[in-house]
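Working through the structure, step by step
The chain contents come next:
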Amino acid sequence: MSAHVLYPGCLISRRYPGFEAAARFVAKKLGMELVDREGFTCCPDPVWLRSARQDLWLRMAARNLAVAAGQNGDAGSLVALCNGCFETLNTALHLLKTDQKQREQVARFLESQGQTLSTCLQVKHLVQVVYETLGPEELKKHLVRPLEGLTLATHPGCHLTRPSDIARFDDPLNPRALDELVEALGARVLDYPTKSQCCGLPVFVTDRELSLSLAAEKIRAVAQADGLVVTCPSCFQQFETVQMLDRSLPRVPVFYYFELLALALGADPGEIGLDQHRIKADAVLARLGHAKSSAHGVSGARGTKPN
Amino acid sequence: MAVRIDPEFRRLVRERLRDLDFNQCYQCGKCAASCPVFHRSPELLNPRKIIHMAAIGVREVLTQPPLWRCTTCYECVEQCPQTVNFVDLVVALRNLAYEMGMAPRGVQEEVETVLKQGFVYPLTGRIRQVRQRLGLPPAASDLEGVLQTLREVAS
Ligand code: SF4
Ligand code: SF4
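Keep in mind it's a predicted model, so treat the numbers as computed, not measured. (Residues numbered from 1 in each chain as written. Chains lettered and ligands numbered in written order. Predicted model: local features only at pLDDT ≥ 70, side-chain atom pairs only at ≥ 80, totals over all residues. Heavy atoms only, no water.)

What follows is about the domain arrangement of chain A. Size of an interface: often given as the accessible area lost when the parts come together. All names here are of chain A. One can read the domain layout of chain A as domain 1 (4-126) and domain 2 (142-299). Listed as interface residues are 26 residues of domain 1 and, on the opposing side, 30 residues of domain 2. Counting the surface lost from both domain 1 and domain 2, the interface buries some 2,400 Å², and carbon and sulfur atoms represent 71% of this. Of all residues in domain 1, Phe19, Phe25 and Asn83 bury the most surface against domain 2, accounting for 25% of the area lost on that side. Between domain 1 and domain 2 we count eight residue pairs in polar contact (both at pLDDT 80 or more) in total. (Domains from an automatic or database assignment. Contact = heavy atoms within 4.5 Å. Buried area = accessible area lost by both parts, 1.4 Å probe. Polar contact = N/O pair within 3.5 Å; in protein donor to acceptor, adjacent residues only side chain to side chain.)

Residue and element names in this part refer to chain B. In the region of ligand 1, 13 residues are neighbours, and Cys25, Cys28, Gly29, Cys31 and Cys80 sit closest. Among the cavities detected, the one that contains ligand 1 is the second largest cavity. Secondary-structure elements contributing two or more residues to the shell around ligand 1 are α2 (30-33) and α4 (47-56). Each residue belonging to the shell around ligand 1 can be placed in one class, and the counts come to eight nonpolar, three polar and two charged. (Near = heavy atom within 4 Å. 1 Å grid on protein atoms, 1.4 Å probe; cavity = no way out; pocket = protein on both sides within 12 Å on 5 of 7 lines; lining within 4 Å. Sits in = over half its atoms within 2 Å of the grid points. Helix = DSSP H or I, 4+ residues; strand = E, 2+ residues; numbered from the N terminus. Nonpolar A, V, L, I, M, F, W, Y, C, P; charged D, E, K, R; others polar.)

Once that is clear, we can look at unusual backbone geometry. Residue Pro44 of chain A follows Cys43 of chain A across a cis peptide bond; omega there is -5°. Considering the arrangement of structural elements, one finds Pro44 of chain A in the loop between β2 (34-35) and α3 (48-52). The omega torsion across Arg162 of chain A and Pro163 of chain A is -5°, close enough to zero to call that bond cis. Here Pro163 of chain A is to be found in the loop between α9 (158-161) and α10 (164-167). The phi torsion at Thr72 of chain B lies on the positive side, around 60°, for a residue other than glycine. Along the chain, the position of Thr72 of chain B falls in the loop between α4 and α5 (75-79). One non-glycine residue, Tyr74 of chain B, adopts positive backbone phi at about 70°. Tracing the backbone through its elements, the reader meets Tyr74 of chain B in the loop between α4 and α5.

So, on to the site of ligand 2. All names here are of chain B. Cys35, Cys70, Cys73, Tyr74 and Cys76 are the nearest of the 13 residues found near ligand 2. Going through the elements one at a time, α5 and α6 (86-99) are the ones with two or more residues in the shell around ligand 2. The class makeup of the residues in the shell around ligand 2 is ten nonpolar, two polar and one charged.

Right under this line is the structure:
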C-alpha cells in the first residue's frame, strides 16, 4: 500500500492518545506506511470555529493541507482519525477547488506564511482507507485474535458519510461499511433504527440538555450490546460523558474502531491505552481473554470535562 | 410569536448569503421530518422555519436559540428535494451573528482558545506522560508565527 500522511487531530493527540497508538499499531500490522508531518494546528473544529469565523476556519484548514502536501507537494493522501477532521479538511478542500474568490484569498494568506496552496491531495478517514484498500474479507486474513462471542452496536457518526457529495463514502442514510468492518473482526452487529443519528456532541456548547438527551437516546437503543463502536473521538467523548452524568442509563462501554481492530491484530490492551476509558471495558476485555487493563494505568484525572 | 420583518436585515441576508441556494426552498418540510432535534420537539428547531425567517428578513433568527441547536448532522441536507444545503445556511447565519457580537459565550471562547494555542484542547502534563508511555511522538510544535497572523486576520 502507498504512503499516507497522518493527521492525528487535536482531540485524539491531546485527550485520547490511545486511539493514536491503536491507529499506528493497526497501520503497522497491515503494512500501511503513515508519514508524520511537523506543524499541524487544529483541523479546525468543523462546527463552532466554522460557525463563528468561516474565513479563519478555511485558512487554518488550507494551511494544514499545505503542511500535509509538504515541500514537493507530492503527498497522495491525508489520513484523518476523526470524523470532524475528515469533514473539515475535506470540505475545505472542496471549497478551495470550487470557489475561486476564497481560493485567491487563502493562497495569499499561505504565501505570507511561506507556504503554497495545495489541492492535489485526497483527504481520507482511516476507516475509509481500510475499507477501500483492504476491505472486510481481506482484513479477516490478518486477524490473530478475533472478537468472537461479542455483540456490538455501531455508531458511524454523521461526518463519516455526510455530506455525501463531499465525504463520498458509504450510504449516508443507511451506512453499512462500519458494520461490515466490525463483523469482519468476528463480532455480531446489533442493528437498531437510529444508527445513523447524531450523538449530539456539537450542541453541548449551546444546549447541554438537548445534547445529552440525543446521546442518551442512542445509549438506550443499544443497551443490549456489549459495546458501542465509533469512528470519531467526539462521539466517543459524548457517549462516555452521558453515561458518567446519567447514572440511570444502561452501561455500554464505548470503543474506537481501531482499538478493537488492534486487539484483533494482537495488541495488548495497555499498549493502546484501553485503561484510559472512563466507562470501563474490563468485562469485555476479560471475555476476550485479556487480564484487567488497569495494571498499566496512569493515575490522576481522566479528563471528565465533557467538552 | 409576532413576526417582525426588517427590510434592512433582509437586504443584509440577501447580500451575504447570495451564493447559497436557499431561495430554491419550497417549504415542504422534509428537512424538519428528517431532523433529530425537531423529533425531540418541534419547538427546539425547525429548519424549514429558519429558512423562512432568513428569507423574509426576521432579525430574531440570529438570536433565538433554534439557530444554535442545529448539530450540523446533514440528515436534512441529504433529503431535501431542492438540494438546499441547510448546514451552509446555518453556518452563514451564525457567522453573521458572531460578527454582530450575538454568538453564545461558549462559541466565542472556543475561537479565543484556538487563536491562543492553535488547538481546542490543551496539551497537559498527564497527556504528555501517557503519550510517552504509549511510545508516541511529542504532540507539541511551535505555532506562534501562524497564530500571530491568524489573530491579525481575526481582528
Ligand atoms: S426539505 Fe428543502 S425544500 Fe423542503 S422545506 Fe426543507 S429546505 Fe425547503
Ligand atoms: S443538520 Fe441541523 S437541521 Fe439538519 S437534520 Fe441535522 S440537526 Fe436538523
